[in-house]
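Reading the structure
The primary structure of each chain is shown beneath.
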Amino acid sequence: MSNNMQSSISIRDLKLSFGSFDVLKNLNLEIGKGEFLVLLGSSGCGKSTLLNCIAGLLDVTDGQIFINGKNVTWEEPSDRGIGMVFQSYALYPQMTVKGNLAFGLKNAKVPKAEIEKRIARTAEVLQIESLLTRKPAALSGGQRQRVAIGRALVRHVDVFLFDEPLSNLDAKLRADLRVEIKRLHHQLKNTMIYVTHDQVEAMTLADRIAIMKGGVVMQLDSPSIIYNRPANKYVADFIGSPAMNFYQGTLDKDNNFRGDGLSLSVTGYPFEEGRVAQNQQVWLGIRPEHIRSADAAQQCAVQMGAIVELVEPMGSDTQIWSVVDKQNYRFRVDGQTEMTEGDSIRIGFDPENLSLFDRDSELRL
Amino acid sequence: MKNLNAKIASIPMIFTALVIFVGCTAWTIYHSFTNSRLLPNNNWVGFDQYERLWDTKRWIVSVGNLAIYGVCSLVISVIIGFVLAALLDRKIRFEGVFRSIFLFPFALSFIVTGLVWQWILNPEFGVQKVLQSLGWENVTFDPLYNPDLVIYGILIAGIWQGSGLIMCVMLAGLRGIDGDIWKATRVDGIKTWKTYIFVIIPMMKPVFVTALVLIASGIIKVYDLVLAQTSGGPGIASEVPAKYVYDKMFNAQNLGQGFAASTMMLVSVAIVLIPWAYLQFGGKKND
Ligand SMILES: Nc1ncnc2c1ncn2[C@@H]1O[C@H](COP(=O)(O)OP(=O)(O)OP(=O)(O)O)[C@@H](O)[C@H]1O
Ligand SMILES: [Mg+2]
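Residues numbered from 1 in each chain as written. Chains lettered and ligands numbered in written order. Predicted model: local features only at pLDDT ≥ 70, side-chain atom pairs only at ≥ 80, totals over all residues. Heavy atoms only, no water.

Details of the sheet that holds strand 8 (residues 191–196) of chain A
Residues and elements named next belong to chain A.
- Strand order in this open sheet of six strands is 6-7-8-3-9-10, and the pairing throughout is mixed. Unpaired on one side and paired on the other, strand 6 (82–85) and strand 10 (216–221) mark the two borders of the sheet. Averaged over neighbouring strand pairs, the angle between their axes works out to 20° when direction is ignored.
- Looking at chain direction, strand 9 (residues 208–213) and strand 10 are connected through five bridges and run antiparallel. Its bridge partner lying in strand 10, I209 is registered against D221.
- Contacting strand 3 (36–41), strand 6, strand 7 (159–163), strand 8 and strand 9, helix 1 (residues 47–55) crosses the sheet at an angle of about 150° to strand 7.
- Packed onto the sheet, helix 4 (residues 141–153) meets strand 6 and strand 7 and runs at close to 170° relative to strand 6. (Pairing = 2+ DSSP bridges. Helix = DSSP H or I, 4+ residues; strand = E, 2+ residues; numbered from the N terminus. Axes fitted to C-alpha atoms, helices over the stretch in contact; angles between N-to-C directions. Contact = heavy atoms within 4.5 Å.)

Some thoughts on the domain arrangement of chain A
Residue and element names in this part refer to chain A.
- Looking at chain A, the domain boundaries give domain 1 (7–237) and domain 2 (238–358).
- The C-alpha-based centres of domain 1 and domain 2 are spaced at 38 Å.
- Interface area for domain 1 against domain 2, summed over the two sides, is near 1,500 Å², with a carbon-plus-sulfur share of 58%.
- At the junction of domain 1 with domain 2, the criterion picks out one salt bridge.
- Notably, a salt bridge pairs E272 with R229, separated by 2.5 Å at the nearest N-O pair. (Domains from an automatic or database assignment. Buried area = accessible area lost by both parts, 1.4 Å probe. Salt bridge = Lys/Arg side-chain N within 4 Å of Asp/Glu carboxyl O.)

Some details on unusual backbone geometry
- Here the amide bond leading from A:S241 into A:P242 is cis, since omega sits at 0°, within 30 degrees of zero.
- Along the chain, the position of A:P242 falls in the loop between helix 8 (233–238) and strand 11 (245–251).
- For A:D13, which is not a glycine, the phi torsion comes out positive at approximately 50°.
- Here A:D13 shows up in strand 1 (residues 7–18).
- At B:Q253, a residue that is not glycine, the phi angle is positive and equals roughly 50°.
- Inspection of the secondary structure assignment puts B:Q253 in the loop between helix 12 (241–251) and helix 13 (255–282).

Shown next, in the form of structure tokens:
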């Protein structure tokens, strides 16, 4: 996506170590102008560290960072043309909302009239006009985070950095503010880098998602590619809830998979370019929503009989844990479907929806 | 019902507190209007004791000294404590070592501190002697023997002892501040010293109140320091009110005068505390 776009941020061979512990290892990343990039990964994988490096809050060990074509590797955060929003809001508690928005600008000697204008505009965009004279303590969590976003907005910068901005909010508010951030992005068209460990936020907001693990980007792609064609087993396992079902086995030259009680032909599986089936050890993965049950199972290329072990009603749909030959099959059915523990059912799936990974390299076949 | 039981249970405590604090205070104030000498008596003399008190040179000097000591130690301890804490908070190496060094004097009693500083400031073997033996022949540094400077000599010792604790309190306060606040100010381009003044210190108001209370309790204990360092000398140059009270009551056998002096101390504490308490607790509702 960014190839034909001028890049807004470009990170080259970035390394960062705390003592002898390498948090980021030779990281390369190109982020296009106006792109919404989400950094997603489990706790401790280095997302915040990467964001802080881009912001200039951490000194990099090696490598370079360019923002809008300018090498900012050793620039102060305030000179990089970025605005940042933190998980804990980090508002200045002794100042009013207006004071919070104005503090940085006053300090940068922006003329008074200009400050007033920017604050008025920002307050309008974020709908916080009525809160301007209040102190942060008198605001709800959602309102505080709005003000924190406002503090980044008034800086009139091209790049916004968010570090888990919604993690401290309750579920309902989180969904509301998520939509608002998306709307804001459509309106402003700034480059945004957004750190989260919430898959839903990542899938809904991102133009592209970077899945990180141990200081390395595992996959950088659009949400749909990440979901449908995960580049390796880690990404496949990490994305999706409930998680993908995995089975070990061998794949022979004639596209037959055998193992963990399964024996099927994967003819029709969309191999990655340049790959063909050969004798090898593989992981076979099936997303829960690709397993069909009851009548729908009759049309599937692969079918088997299963016993329902556990039923988890979630409202709109129901998660079923079933067993075939001591192997677990998790899948999802419509919330209206009647199923009880101990039922014998038929389940099935189609080979084109599978994911196959090499057992050693764990890369997608 | 539960509430009533709790109230009944606390009656002995309230009673004790009333008798000890209010009762004894009232008793003292009452007898400051008598001409009690070795033993308390009831001969009412009106404000005689107070007139005599404020005519006494020694009392005036004592009050002046306490004022100088109090204001200076308040200001200097807060500044030194905060600056040290801020330096330690900048994630320097060997922080634990420095913290122990600064806190060490607090572990000493005021008497020991007083004696140590009496030696350090003594012209015969202290700083003056060292400087002179290093070549500065005509340096004089003997604050404890100079009536104009003696209270500052005591002040040095007091601050040396008290600043470590203030530093620790301030350090705890600084550590309690969310690291994201610092990041936010850096993104906003606020200089470090400006961040301290406009963001960090306002956030640490409760810590400063605690520090002030600790320093105030140190000011009251200056009596011990004076006793150890100078015994009020040279002449009466380093007298303090608490010493005046003690001497009048137990050495000069003039209880009435001692009671009047201690009542004056109580009044001055009240003058400071009542507006403060009013602001702190009365003003809460419309905060
Ligand atoms: N100041 C530091 N000194 C030493 N190690 C650190 C420091 N800051 C972070 N780390 C380590 O670096 C790794 C990455 O930390 P980072 O904060 O970037 O993780 P994260 O992906 O943001 O996780 P989370 O989702 O929990 O916020 C972690 O293993 C952490 O322990
Ligand atoms: Mg983080």
